[in-house]
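# Structural overview for review
If you want the building blocks of each chain, they are given just below.
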Amino acid sequence: MAALLRIDTVSKSFGGFFAVRDVDLTVEIGDIHCLIGPNGAGKSTLFKLVVGTYAPTRGAIHFRDHDVTWDPPFARVQRGMSIKMQTPSVFKALPVRQNLHIALQHHVAAADLPREEERLLDLLGLVASATRLAGELSHGQQQWLEIGMAVALRPSLLLLDEPTAGLSPEETWRTGELVKRLSAGGMTVLAVEHDMAFVRQIATAVTVLHLGAIFARGSVADIVADPRVAEIYLGTPNAA
Ligand code: ADP
Ligand code: MG
């Protein structure tokens, strides 16, 4: 397997407190890699190191064999990362289709735009909502629309920060099916997530962070079967 993203012994300190400590993590091409761990584990900090919001205190990050450690976020996006942050930031006053149009317009020839919009609407399950204002969509639909806008950039790595936050179990499941469809279409995914049902549904690889360091890694089956993980992750044995 080939590495798409390599995090090499990365640390991030805030005034002497290490939120992330000596983390080594590789995301292989084709994986749906879930980064999990209890509150305060360092997941968001690591995510921000990957997307370029923070620079590491130590260590390096390689993406598609380029050293991007010091690249700002836009340069990483140009190299093929696409980021869906936790809070949806769709254009609420514009129709759903127009949102996709805006995201697509710099990446797709004008003549192909309608077809691409249609393809994305279908992928996202938003065909029937194409002409509605994005602000009128449910929270889940807004999340899917934003995933669609991230996907419109045709990234090689899709980064999702808690894509199921605030969603109902039904919406969470549908989000998982969407991520699996994207993966089947060839996209590699790194998702920060705390919902274990969702992780079980989608993950091909799991990394567990605890107190800023790697605590465990493996397949979903490995992680779910690991009583140490259940203990730190949910505070009780056998809860994962
Ligand atoms: P998670 O996303 O896993 O809940 P975070 O990465 O948000 O964890 O936080 C990890 C630890 O680092 C926490 O103890 C948090 O308080 C601390 N932390 C996060 N961001 C900052 C910051 N900007 N300044 C100081 N401490 C921070
Ligand atoms: Mg967080």
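No experiment lies behind these values; they were computed from the predicted model shown.

Cut-off values and rules
- Residues numbered from 1 in each chain as written.
- Chains lettered and ligands numbered in written order.
- Predicted model: local features only at pLDDT ≥ 70, side-chain atom pairs only at ≥ 80, totals over all residues.
- Heavy atoms only, no water.
- Near = heavy atom within 4 Å.
- Polar contact = N/O pair within 3.5 Å; in protein donor to acceptor, adjacent residues only side chain to side chain.
- Areas by Shrake-Rupley, 256 points an atom, 1.4 Å probe, with all protein chains shown as cover.
- Helix = DSSP H or I, 4+ residues; strand = E, 2+ residues; numbered from the N terminus.
- Nonpolar A, V, L, I, M, F, W, Y, C, P; charged D, E, K, R; others polar.
- Phe/Tyr/Trp six-rings, centres within 6.5 Å; stacked < 30°, edge-to-face > 60°.
- Buried < 20%, exposed > 50% of the residue type's maximum accessible area, 1.4 Å probe, protein only.
- Core = buried A, V, L, I, M, F, W, Y, C linked by side-chain atoms within 4.5 Å.
- Contact = heavy atoms within 4.5 Å.
- Pairing = 2+ DSSP bridges.
- Axes fitted to C-alpha atoms, helices over the stretch in contact; angles between N-to-C directions.

Moving on, we come to the site of ligand 1. With respect to spatial proximity, the complete set of residues near ligand 1 consists of F14, F17, A19, P38, N39, G40, A41, G42, K43, S44, T45 and Y54. G42 places a polar main-chain atom, nitrogen or oxygen, 3.0 Å from an oxygen atom of ligand 1. Taking 560 Å² as the accessible area of ligand 1 by itself, protein coverage stands at 61%. Among the elements of the structure, β2 (17–28) and α1 (43–51) are those that each provide at least two residues to the shell around ligand 1. Here the shell around ligand 1 takes three residues from α1, the largest share from any one element. Grouping the amino acids of the shell around ligand 1 by side-chain chemistry returns six nonpolar, five polar and one charged.

Moving on, we come to the packing of aromatic side chains. Two measures describe an aromatic ring pair: the distance that separates the ring centres and the angle between the ring planes. All told, the structure shown has one aromatic pair when counted by the stated rule. Here F14 and Y54 contribute two aromatic rings whose centre-to-centre distance is 5.4 Å and whose plane-to-plane angle is 75°, an arrangement assigned as edge-to-face. Here Y54 lies in the loop between α1 and β4 (58–63) and F14 lies in strand β1 (residues 3–14), a separation of 40 residues in the sequence. Under the relative-accessibility criterion, Y54 is labelled partly exposed at 24%.

Let us now look at the nonpolar core. Core analysis: the biggest nonpolar cluster contains 46 residues, and I36, L145, L158, V206 and V208 have the highest contact counts within it. Broken down by element, the residue count for this core peaks at six residues, all from helix α5 (residues 139–151). Residues contacting V206, with those up to four places away along its chain left out, are H33, C34, I36, V199, A216, R217, G218, S219, V220 and I223. Counting 24 residues, the second-largest nonpolar core is a separate cluster that includes L25, V27, I61 and V68.

One non-glycine residue, T9, lies in the positive phi region at around 45°. By secondary structure assignment, the location of T9 is in strand β1. For D65, which is not a glycine, the phi torsion comes out positive at approximately 65°. Structurally, the position occupied by D65 is in the loop between β4 and β5 (66–67).

Pairing in this open sheet of six strands is mixed, and the strands run β6-β7-β8-β3-β9-β10 from one edge to the other. The open sheet has two free edges, formed respectively by β6 (81–84) and β10 (213–218), since each of these has just one partner strand. For this sheet, the mean angle separating the axes of adjacent strands, direction not counted, is 20°. Sitting on the sheet, α1 touches β3 (32–36), β6, β7 (157–161), β8 (188–192) and β9 (205–210), and the angle it makes with β7 is about 150°. α5 contacts β6 and β7 of the sheet and is inclined by roughly 165° relative to β6.

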